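This is what each chain is made of:
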Amino acid sequence: MAILLERDWSVTWTSAAGAIHGAVSYTDKKHLTLVDVMGFTGHAFRMNIDPEKINIAGPTSFPGGYILRRNLCNLGFTSCLADAMAPVPPEKVEQTIALVQDSIDRGIPAISFDLFIPEFGLIYGYDEERQLFYAKDVSKDGTLSYAEFADTKIGVLFVTTISESLPHSKYEMLRMALDMIVDHARGREWTHVFKDRFAQGLAGYDAWIGVMERRGADEHGNAYNTAVVADAREFAVRFLRDLAARWDGANVVERTVRARAAEAAEHYATVAEAFAELRSMFPFPQGGNPKDPKTADHAIGLLKRAKEAETKGVEVLEKLLGFMKAYHSEKWIH
């Protein structure tokens, strides 16, 4: 699959994973690549679809504190969270700014949301005298006054910072990653206020297909969701292929991971191929014409093909997760 060999693996459409990778790059785990981060956090396997019109907000509409802290735990970090609801009391603003400053003082950028646009980004510096932060997201690298930072437009003042680094083994990292991936795919993920507004994991396919059947897709949102998922599934294939190559030991765990990862990678390659075609049909930001009956019907066929392949891929990952959990329990029993 040429598209998986030629692309740039240092950038992603998933801003949450991009921000996590950026922050982790300033820690003792800076060896983790963006492919590693996309895989071990589960972001390479996410799908969050608005069943009404494929809203552009879908990919970033999840409980950020819960998901990001679990992401960082998978990577071997404890973390701190500030998520005061608007209107944010002055003391909460002060505490959040202090949390950001503490992280920067320790040499690690803070992860935030909606710094310049509604995406995840990093706060990497501050000027106490001028009362401003230095920050960047996918739209720009610039400054943000403390007052602008506190004037949240999303209803919550959100910051997550990395605390302590833990000595997670590769076995623990993979087991926790698989647990998160399968939870999301099967709709078991804790989604809080977003649960009734979006379809997660495999259920996202049915929601997406339903919108296409009604010819109700928003051009801009459909194209953006397509771009995010297409990018993510390419990372999923690369992550799984890397697992198959890296777990090269002779023991039963290494052999099982190697075999299951290679098997799952083949299914996700089919998913990635389908989404590559969807991405060419619905380029962002132009959007294409998802309401056109012929176009929509072709998209439905591709989504059904992708769903079938991803369902098989998830089943393989579930088997691997069951094995990893059984191995973990047996190891501690003996």
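Here is a short report on the structure shown in this document. (Residues numbered from 1 in each chain as written. Predicted model: local features only at pLDDT ≥ 70, side-chain atom pairs only at ≥ 80, totals over all residues. Heavy atoms only, no water.)

1. Thoughts on the side chain of threonine 41
In step 1: Along the chain, threonine 41 turns up in the loop between helix H3 (34-40) and strand S1 (48-49).
In step 2: Exposure remark for threonine 41: the relative accessible area of 1% places this residue in the buried category.
In step 3: In this structure the side chain of threonine 41 is engaged in a polar contact, spanning 2.6 Å, whose partner is the backbone oxygen of valine 37.
In step 4: At 3.4 Å, the side chain of threonine 41 and the backbone nitrogen of histidine 43 are in polar contact. (Helix = DSSP H or I, 4+ residues; strand = E, 2+ residues; numbered from the N terminus. Buried < 20%, exposed > 50% of the residue type's maximum accessible area, 1.4 Å probe, protein only. Polar contact = N/O pair within 3.5 Å; in protein donor to acceptor, adjacent residues only side chain to side chain.)

2. Comments concerning the environment of arginine 215
In step 1: With respect to the helices and strands, arginine 215 occurs in the loop between helix H8 (203-213) and helix H9 (219-246).
In step 2: A relative accessible area of 28% places arginine 215 in the partly exposed class.
In step 3: Distance in space between the C-alpha atoms of arginine 215 and aspartate 292 is 7.2 Å, their sequence separation being 77 residues.
In step 4: With residues up to four places along the chain from it excluded, the contact list for arginine 215 reads Lys291, Pro293, Ala296, Asp297 and Ile300. (Contact = heavy atoms within 4.5 Å.)

3. Considering the pairing of strand S4 (residues 120-127)
In step 1: The element S4 is extensively covered by neighbouring structure, given that six of its eight residues are classed as buried.
In step 2: As paired elements, strand S3 (residues 110-113) and S4 share four bridges and run antiparallel to each other. Bridge pairing in S4 links alanine 110 to isoleucine 123.
In step 3: Where S3 folds back onto S4 in an antiparallel hairpin, the turn is made up of six residues, including aspartate 114, whose phi is positive at roughly 60°. (Pairing = 2+ DSSP bridges.)

4. Considering the pattern of salt bridges
In step 1: Applying the stated criterion to the full structure yields 20 salt bridges.
In step 2: Among the salt bridges present, the one from arginine 186 reaches glutamate 318, with a minimum N-O distance of 2.9 Å. Taken as a pair, arginine 186 in the loop between helix H7 (170-185) and strand S8 (199-200) and glutamate 318 in helix H11 (residues 293-333) lie far apart in primary sequence, 132 residues in all.
In step 3: By relative accessible area, arginine 186 is classed as partly exposed at 34%.
In step 4: Measuring nitrogen to oxygen at the nearest pair gives 3.9 Å for the salt bridge that ties arginine 246 to aspartate 242. (Salt bridge = Lys/Arg side-chain N within 4 Å of Asp/Glu carboxyl O.)

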